[in-house]
Every structure is written in C-alpha cells, then in structure tokens.
Amino acid sequence: MKFTLSWLKDHLETEHSFEEIVAKLSLVGLEVEGVEDPTAALAPFRVAYVREAKQHPNADRLRVCTVEHADGVSQVVCGAPNARTGMLGVFAPPGSHIPGTGLDLKPGKIRGVESNGMLVSEREMGLSDEHDGIIDLEGEPAIGTPLAEILGLDDPVVEIAITPNHAEALGVRGIARDLAAAGIGRLKPFEVEPVEGSFDSPIRWHIEPGEAEVYCPAVAGRYFRGVTNCESPTWLKRRLEAIGLRPISALVDITNYVTFDLNRPLHVFDADKVKGDVTMRMAKAGEEILALDGKDYALDADTLVIADEAVPEAIGGIMGGEESGCTLETKNVFLEVAYFDPIRVARTGRRLAVTSDARYRFERGIDPEGLRWGIDVATALILEICGGEASHPVLAGTIPAPQQRVELRPDRVEALGGVAVEPERQVAILSDLGFKVTELEGRISCLVPSWRPDVDGEADLVEEVLRIEGYDSIPVTPLPRVGDLPAAVLTPQQRRRTQVRQTLAWRGLDEVITFSFMDGRQAALFGEVKESLRLVNPISSELDVMRPSVLGNLAAALQRNADRGSSNLGFFEVGSIYLDDTPEGEPWLASGLRHGLAVDREWQGGSRPVDAFDAKADVLAVLEVLGAPVDNLQTSLDAPTWYHPGQSGQLRLGPKVLAAFGSLHPKIARAYGLKGKTAAFEIFLDVVPFPKAKGKAKPLPEISSFQPVERDLAFVVDQEVTAENLLRAARGADRGLVSSVRLFDLYQGSGLPEGKKSLAIAVTLQPKAATLTDAEIEAVTAKIVAAVGKATGGVLRG
C-alpha cells in the first residue's frame, strides 16, 4: 500500500515531522517497506535570476551569465541558446550531483572564463529529454524556491506492508485513523454530503436468487448523463502516479482514487454499451469475457458475473470487462458500488489466476457501509470533474450488518500482552480506532466498527490496545532457564544438516537451493509420481508435482550452467523429498551431482572424467563426519533405476540403506541435455544412525613412539569377491595392532586360474607397548591370512 504525505494530511491534521510519522507507522503494526523522497535528489536545485547574460569573449556559442541565487551571486558560463538577461532559471551550485548526466559539478574555467555552477536543462535534471535550452520558468517564483516545489515533486511517498487482518489500512483514511489513535495528530471528520439525483436511472440493479445473493448481498448504482470524460486534473494524476498507477481518464481515475483513499473499490460502465438492466448472477457454462487487462477468461457456474441482458460485462469483485469500459468518448455512465463475500472472491481469483486492486481488497473484507457513502463520494467527484447530471441511486439486496459487541476485561491487556495500560487509556485507544465504547461493571463493551471484520474476540481488542500503545513498550523479559544451561536452540538433526553442508562445500561442491516442485514429466524419470503429490494450482506448468528426488532439480541446474559455458560442475542440496502426502513421507536427503572432469587438464596430464567412485568418496566423507560406522558398511549393487546399472551401488548398515551413489543413467542425462559423465549420490540423513553415547569423552588418538611395520599381502580370490569384504576381514583380524589396511593393486590375467583375481593390500601394524619381534609379526600376519581366508575364501598368492 502506497500513499503520499499530502494525501495522508487530507485525513490527518498533524504537526509531526515526516520522520516521526514514518517511525510511528511501524510501531502500530503498519511496517514501512520503503520511503521515496523525490526532494532529496533535487534539493540543491533552486530558482535563480539571470541579472546579465553577455557574449563570451572567446566563444561565439557561449554566454557569461551573472546569476543571483539564494546564497549570493555567481558567474556561470552557459551554452544554452535561450540564456538571456532577466530570465528565471534553475541554478545548480558547485558540488551538486546532476541526476540526468551522473556528473558531479565542480568550479572551473571554460575557454578561459571562470564558471561557478550551472544553469540546468530538463534533461540534466532527469525530467525529460528536452536539452535544446535551459529551464525557463514562467510566472514570478521567488529566488531560492526549490525546484521540487515548483514541479510538485515535494511530496514524499511511503509504502507499507499490510497484514491480512488490517484491511482497513488499504485506504489512506484507515492509516490516518491508526496514526491519530497513536497520538500523531487528529483524525479529520469524514463528512459526506448526500447528492440528490434529478431523474430515475434507466438502468437498474438485480441480484439473481440463490448463490448470487450469498456472493453479493447488496449492490448500489447510479446513472450519469452528459458527462465529459476528460484528462484528470493535475492533483489527481500526480497522486495516482506517485503510488505507481497510470492515469487513464477522469472516470477511471476517480474509481482508482476512491479505492486507495477510502478502501472502497468502484467500477464504472459506459452506459451506452450496456443492454438493458444489469444483474448479479452466476456465469453459465461456456461464457467468456474479455477483461480490462486484455485477457479472455473462461467462466464457469461458480463465477459471479455482472451481466446485462446479453452478455457478462464484469467478473464480480475482481475486474470489469473491456466491451463496456469507459473511454474518452463516453457520455453516459453507470456506477457500481457493491459488497462481495471475501471467501468467494478469493476462490474465484485463484481459479482464474487474475489479480487486481479490487480483488485484493474484497477478499480481505471491506466496509459494507461503504455502499451508503461510497456512492455519494464517487458522485461528487464525477460531477465536479466530468460534469453531467446524476440520477437517483438504485439499490438491490440488503446491506450486511456485521457489527457485534465484544467485551474487554482491562486486566487482560497485561495478562496477555505483558504491558500495564490504564483502563482510561484503553478506552481512549479503542474510541480513537472507531469502536463505540461503553464501560459496564468493570468491563469495556465495544461495538465493533463495520470496517473491522477481523475483530471478533477479547484477544483482538487486547492486540489493538497493544499496537497503539506501542509494541516497543513491551518489557524485554528473558525466557526461564532450564537447569544450569539454556536448552539447545537447534535439534541434533538440524546440527547434522549443517555438518553435511560444510563437508560437501569443503569437498568442492557448490550448494544450491531449488524448488520443492518439478516438472511431472521429469519426475516420472525418478520413479512413480503419486496423484496426491500433484499440485492443484502450480505456480507454473513446469512445476506441477512435489519432487520425488532432488537429483532432477540439480540436473536442471547443471544443464542451465553448462549451456552458459560453465564446465566441471559440482552441485549439492540438503533438503526434503516427497514420497507421499504424509509427514512421514518427507525424508531429508543430501543429494549431489558432479559433471565433467574430476581432474582438469594440467601440464602434468592425468585428466579424467568423474565416475561412481567420486560420488562414493563424497558419501563416505559425509558419513564419516556424521559418526556413522563407515568400516562396517556393506555395498550392494541394487541402486535405484536412475543410476547406471553396473556403475552404481548402495551403502547399507544391515538392512538399512544409508546412501546410493553411482553414475547417472544415460537416459536421465539425455533427458536433461547433459553431455559427458555425471556422477550422483543421495544420502538418507534420517536413516544415518547417531554415534553411540559414551559415558566419558572419547580419548584423543594415541601417538606411539614405536616404529610401525608394513606388510604387503596379495590374495587370490573369486571374481565375485569384493575388495570391501577383504579389507574388512583384514582390519578385524587384530584391532589392537592393525592400524590401517588399504588396497593398492588388482590383477586379472595370465598366471591365475580362470574366474580368479588377485587383490593386494598394504597392512600397517602399529605397536604401542614395545617394538614387534619377527615372531609377533609372523603371528599377526597368520591371523590376517586366516581371517581373510575365512571371510572370502582367498589364499595367499604364491
């Protein structure tokens, strides 16, 4: 919601500064999102008088001007053809920033003559493209008058955020009422003089019985004949332009002005384009309407329309139709002032995906009493600006009477809000906000004003008192401590997610955050898409289902970056996927993709593309940081179908799958336009076990002073035996002495029986008590050979 300071002062009598007004707005719950002060950029530029303009001694096209300005007299060299003695122009002093050119003005010499300042043109001020001459002011403005004041640009604009329960602040008068209640001035009386009509309207309102009566309980109207739909007066155009609206014509501008001034949406029909009477009715199957936004909308039986005897002319509460819109040729007008049910307006707006200022207000709830005074406010403006003659008002339906009484116990303000406010002050605040207050037996009985449909209980009245008294008056009270230390803010799961992000970032992957939605066609590549996960009202057709996997969104991000010339990319995201529409169906995963080269080209050579083992290394690094028993994990070859068969696997801890990794399936890569190798992984964070709690802190690793011993052992095993099983067996043979085991060679070829392979491992023995003897080394080696033979059937290679 935007408004200007002068507009606000139409309703608020105040001596407070603009800065005080802006500060108070946020304190009463109307959060200020932005302030535009056009006077700031134009502040240095003021009216000046050219005492003398004479020819430059060294240049035919330059003149030397003696300029009288607010701070004295300066000599200015000017090249404008219209610079002359006796004119009033706009002077820019040295040090000024010229907005139209972006230059900072400095004193200097031009063709040997000193120049201190500048007489500016409209283009140099950023006002227009006119630069054939300097600004030549008409009339007799006083020397030193700010340029912003002359141009009418000295009116600051404020933009505030409106919460759904404060629809009354969608009108400037509602904002003024809150400020007045908070002590920033006095609310001016709202006086509307009834305008008597001089003839009966040839068009009458009707409301179709049934559903339409619920959607629109009441509507008023008025016929105007002989109007002149002209360009709006300057004051009206400036106000609309200041809040970002484009002036169209006087009739349309009046409806927009009343909408923002009093939160009373209106609509005008060109009466000569309306056939017969107008009726609020539900649309018929197959009906369409060309709306004022230039779009065609298909209507259904759940849409309220305003129709003449032939076709729909407007969508009730949302937007008028193009066919009956007013133009500069309009001579006769029919005015609509209606009240619409908020929920039904919101439902229709969402279904048609159309937004408008009217919908924004109607779906939040406006003042139903606006039907009574709104028609007179609009009539007065139309007759004043457009002339013509007004008919007697016409009305259909019954204006709702939503007013109710709510009682407030004064002590509840402190009990619920934490601030002690005297009962007299509570009464004053509520009265200033428009509540009709009666004090009864220690209670404050309030008749809720018609423009506050959000107030229906005692807690709402407490909120009103608190926000006007000032949320800053609520004392700062620390939360009670639990035991000796405050409770942890983050859950263990949240802390783990941070660990995962840090680990993957340290491994060279870039974190991305993608939508929780994806294209249903692409989602099908990652398994079955359940109907319960399809969105009824997606933000776009490419984001119509909840994502069953994050890899699809990561692949799309890779493709977008690759199309822009990026290469050797690595992305990850920590977030949830959606398996069904239950809370349990939203597990958290850490997902990642690597694409291109794992080792880039370098002078030593050795570049290679990413593969499944790069993804596995990422997974193991994360699991190790999380404290998972990495040494006890088993690898299975049953990765999901979006991984490349034979180049993928899953890491398991017993029956639980902790992670999947591997090369992305070629079909998936082609679907996303990815060329070259792509490695992927998914870590199921909810399944990864937490480390077992210990009774005491884990001791630091012991550094032995005795020399380690390394032995290389090669085992002949069946082709089906995995190195993982062999390494685990060797590592567990003697955990007291075996400090590390790593695979360093794989051999398959001549010299080995068919169906066999050789796996060579390096075993490091680290003694802690004494140097190992040959006999001890042989004994440990024998234990390793026996453990490997038992676990894998392997024998030492001769």
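The numbering scheme is per chain: residues are counted from 1 as the chain's sequence reads. This being a predicted model, a pLDDT of at least 70 is required before a residue's local features are given, and a value of 80 or more before pairs of side-chain atoms are given or counted; all residues contribute to the totals for chains, interfaces and linings. Side-chain calculation: all heavy atoms of the structure are included, whereas hydrogens and water are not.

K.L.:
What's the story with the environment of Arg-452 in this structure? I'm lost.
P.N.:
Relative to the helices and strands, Arg-452 is located in the loop between β29 (443-447) and α14 (458-469). With residues near it in sequence (within four places) discarded, Arg-452 still touches Asn-165, His-166, Glu-168, Glu-464 and Arg-467. Numbering of helices and strands starts at the N terminus; helices are DSSP runs of H or I of at least 4 residues and strands are runs of E of at least 2. When checking whether two residues touch, look at their non-hydrogen atoms; a contact exists if any pair is within 4.5 Å.

K.L.:
I'm lost on the packing of aromatic side chains in this one. Help?
P.N.:
In this description, a pair of aromatic rings is defined by centroid distance and the angle of the planes. Here is the rule: rings of Phe, Tyr and Trp (six-membered ring for Trp) pair when centre to centre is within 6.5 Å. Planes less than 30 degrees apart are stacked, more than 60 are edge-to-face, and the remainder are tilted. A complete count under the given rule lists 9 aromatic pairs for this structure. Each ring, one from Phe-190 and one from Trp-373, has its centre 5.3 Å from the other, and the planes form 90°; the classification is edge-to-face. With Phe-190 in the loop between β14 (186-187) and β15 (205-207) and Trp-373 in helix α11 (residues 370-386), the pair connects residues that are 183 residues apart, well separated along the chain. Taking 6.1 Å as the distance between ring centres and 85° as the angle between the ring planes, the aromatic pair formed by Phe-199 and Tyr-223 counts as edge-to-face.

K.L.:
So what exactly am I meant to see when it comes to unusual backbone geometry here?
P.N.:
What you tend to see is this: most non-glycine residues have negative phi, and most peptide bonds are trans. In the Ramachandran plot, Arg-111 falls in the positive-phi region, its phi being about 50° despite a non-glycine side chain. As for its placement among the helices and strands, Arg-111 is situated in the loop between β10 (108-110) and β11 (113-115). One non-glycine residue, Ala-353, lies in positive phi territory at about 55°. Here Ala-353 shows up in the loop between α9 (342-352) and α10 (357-362).

K.L.:
Whenever I open this one, the pattern of salt bridges confuses me. Can you help?
P.N.:
Two side chains that carry opposite charge are able to pair once their charged atoms sit near each other. Salt bridges, as used here, are contacts in which a Lys or Arg side-chain nitrogen is within 4 Å of a carboxyl oxygen on Asp or Glu. On inspection of all chains with the given rule, the structure shows 39 salt bridges. Between Arg-452 and Glu-168 there is a salt bridge; the shortest N-O distance is 3.5 Å. With Arg-452 in the loop between β29 and α14 and Glu-168 in the loop between β13 (157-160) and α5 (172-181), the pair connects residues that are 284 residues apart, well separated along the chain. On the accessibility criterion, Arg-452 (3% relative accessible area) is buried. The structure contains a network of salt bridges with shared partners spanning Glu-168, Asp-178, Arg-452, Asp-454, Glu-464 and Arg-467. Only protein chains enter the area calculation, which uses a 1.4 Å probe; residues under 20% of their type maximum are buried, those over 50% are exposed, and those in between are partly exposed.

K.L.:
Hey, could you run me through the environment of Leu-579 in this one?
P.N.:
Within the element layout of this structure, Leu-579 appears in the loop between β33 (569-576) and β34 (588-595). Taking the relative accessible area as the measure of exposure, Leu-579 reaches 43% and is therefore partly exposed. The spatial distance from the C-alpha of Leu-579 to the C-alpha of Pro-640 is 14 Å, given a sequence separation of 61 residues. Setting aside anything within four residues of it in sequence, one finds Leu-579 in contact with Lys-530, Leu-533, Pro-548, Gly-585 and Pro-587.

K.L.:
Honestly, the pairing of β13 in this entry has me stumped. Any pointers?
P.N.:
Along a regular strand, successive side chains alternate from one face of the sheet to the other. The pairing of strand β1 (residues 2-4) with β13 spans 3 bridges and is antiparallel. Bridged to Lys-2 within β13 is Glu-159. In this sheet, β13 lies alongside strand β3 (residues 32-36) in antiparallel orientation, the contact comprising 4 bridges. By the bridge assignment for β13, Val-35 is matched with Val-158. Should DSSP find at least two bridges between two strands, the strands are regarded as paired.

K.L.:
Help me out: how do you make sense of the sheet that holds strand β27 (residues 405-408) in this one?
P.N.:
Strands pair in a sheet through their backbones, by hydrogen bonds, and they do so in one of two ways: parallel or antiparallel. Ordered by their spatial adjacency, 3 strands build an open sheet running β27-β29-β28, and the pairing between neighbours is antiparallel. A strand with exactly one partner marks an edge of an open sheet, and here the two such strands are β27 and β28 (436-440). Strand-to-strand, the axes of this sheet are offset by a mean angle of 25°, without reference to chain direction. Summarising the sheet, β27 and β29 pair through 4 bridges and their orientation is antiparallel. Under this scheme, a helix contributes an axis fitted over its contacting stretch, all axes are lines through C-alpha atoms, and angles between N-to-C directions fall in the 0 to 180 degree range.

K.L.:
Help me out: how do you make sense of the state of the cysteines in this one?
P.N.:
Such a bond, covalent and formed between the sulfur atoms of two cysteines, is termed a disulfide. A pair of cysteine sulfur atoms is labelled a disulfide when the two atoms are within 2.5 Å. Overall, the coordinates contain 0 disulfides when judged by the stated rule. Take Cys-65: it sits in no disulfide, and the sulfur closest to it among the cysteines is that of Cys-78, at 5.1 Å.

K.L.:
Sorry, what's going on with the side chain of Asp-270 here?
P.N.:
Here Asp-270 shows up in strand β17 (residues 267-270). Here Asp-270 falls in the buried class, since its relative accessible area comes to 5%. Setting aside its immediate chain neighbours within four residues, Asp-270 contacts Ser-324, Gly-325, Cys-326, Thr-330 and Asn-332.

K.L.:
Sorry if this is basic, but what is going on with the nonpolar core here?
P.N.:
Taken as a class, soluble globular proteins show a tendency for nonpolar side chains to be buried jointly. Leu-8, Ile-160, Ile-175, Trp-205, Met-280, Phe-334 and Phe-340 are the most contacted members of the largest nonpolar core, which has 115 residues in total. Per-element tally for this core: the top contributor is α11, with 9 residues. With 30 residues, the next largest nonpolar core counts Val-512, Met-518, Val-529 and Trp-642 among its residues. By nonpolar core is meant a set of buried Ala, Val, Leu, Ile, Met, Phe, Trp, Tyr and Cys residues that side-chain atoms within 4.5 Å join together.

K.L.:
Got a minute to help me understand the confidence of the model for the protein in this structure?
P.N.:
Reading fine detail from the predicted coordinates is not recommended where pLDDT is low. The pLDDT value expresses, per residue, how confident the predictor is, ranging between 0 and 100. Per-residue pLDDT for the protein has a mean of 91; in total, 97% of the residues score no lower than 70. Per-element mean pLDDT across the protein ranges from 76 in helix α3 (residues 38-42) up to 97 in strand β40 (residues 678-684).

K.L.:
What is the right way to read the sheet that holds β34 from this model?
P.N.:
The 7 strands are arranged β30-β33-β34-β40-β39-β38-β37 in an open sheet whose pairing can be described as mixed. Whereas interior strands pair on both sides, the edge strands pair on one side only; in this sheet they are β30 (510-511) and β37 (634-636). With 2 bridges joining them, β30 and β33 adopt parallel strand pairing. In the sheet register, Glu-511 faces β33, and the bridge partner there is Phe-572.

K.L.:
Is there a simple way to explain a negative patch on the surface in this structure?
P.N.:
On the surface, Glu-122, Asp-129, Glu-130 and Asp-132 cluster together into a negatively charged patch. The exposure class assigned to Asp-129 is exposed, which follows from its relative accessible area of 68%. Candidates for patches are residues over 30% relative accessible area with no salt bridge; among them, like charges are joined within 9 Å and nonpolar side chains (Val, Leu, Ile, Met, Phe, Trp, Tyr) within 5 Å. Per-residue and other accessible areas were derived by the Shrake-Rupley procedure at a 1.4 Å probe size, with only the shown protein chains allowed to occlude residues. Two residue types count as positive, namely Lys and Arg, and two as negative, namely Asp and Glu; His and chain ends fall outside the count. One atom stands in for each charge, and that atom is NZ of Lys, CZ of Arg, CG of Asp or CD of Glu.

K.L.:
What is the right way to look at the packing of helix α15 (residues 492-506) against helix α18 (residues 612-625) in this model?
P.N.:
Each pair of packed helices can be described by the angle between their axes along with the distance between the axes. Where α15 meets α18, the closest approach of the two axes is 10 Å, and the angle between their N-to-C directions is 140°. Viewed along their axes, α15 and α18 adopt a mutual orientation that is oblique. When the axes of α15 and α18 are compared, the crossing they make is right-handed. Touching Gln-499, Val-500, Thr-503 and Leu-504 of α15 are Asp-618, Ala-621, Val-622 and Val-625, all from α18. When an angle is under 35 degrees it counts as roughly parallel; over 145 it counts as roughly antiparallel; between 65 and 115 it counts as roughly perpendicular; any other value is oblique. Note on convention: the crossing is left-handed when the near helix lies turned anticlockwise from the far helix by less than a right angle, right-handed when the turn is clockwise.

K.L.:
In this structure, what is going on with the pairing of strand β7 (residues 88-92)? I would like to understand it.
P.N.:
Buried residues dominate β7, accounting for 5 of its 5 residues. By the bridge criterion, 4 bridges tie strand β4 (residues 46-55) to β7 in an arrangement that is antiparallel. Counted as the bridge partner of Ala-48 is Gly-89 from β7. Taken together, the 2 bridges between β7 and strand β12 (residues 118-119) define a ladder with antiparallel strand orientation. Bridge assignment links Ala-92 to a residue of β12, and that residue is Met-118.

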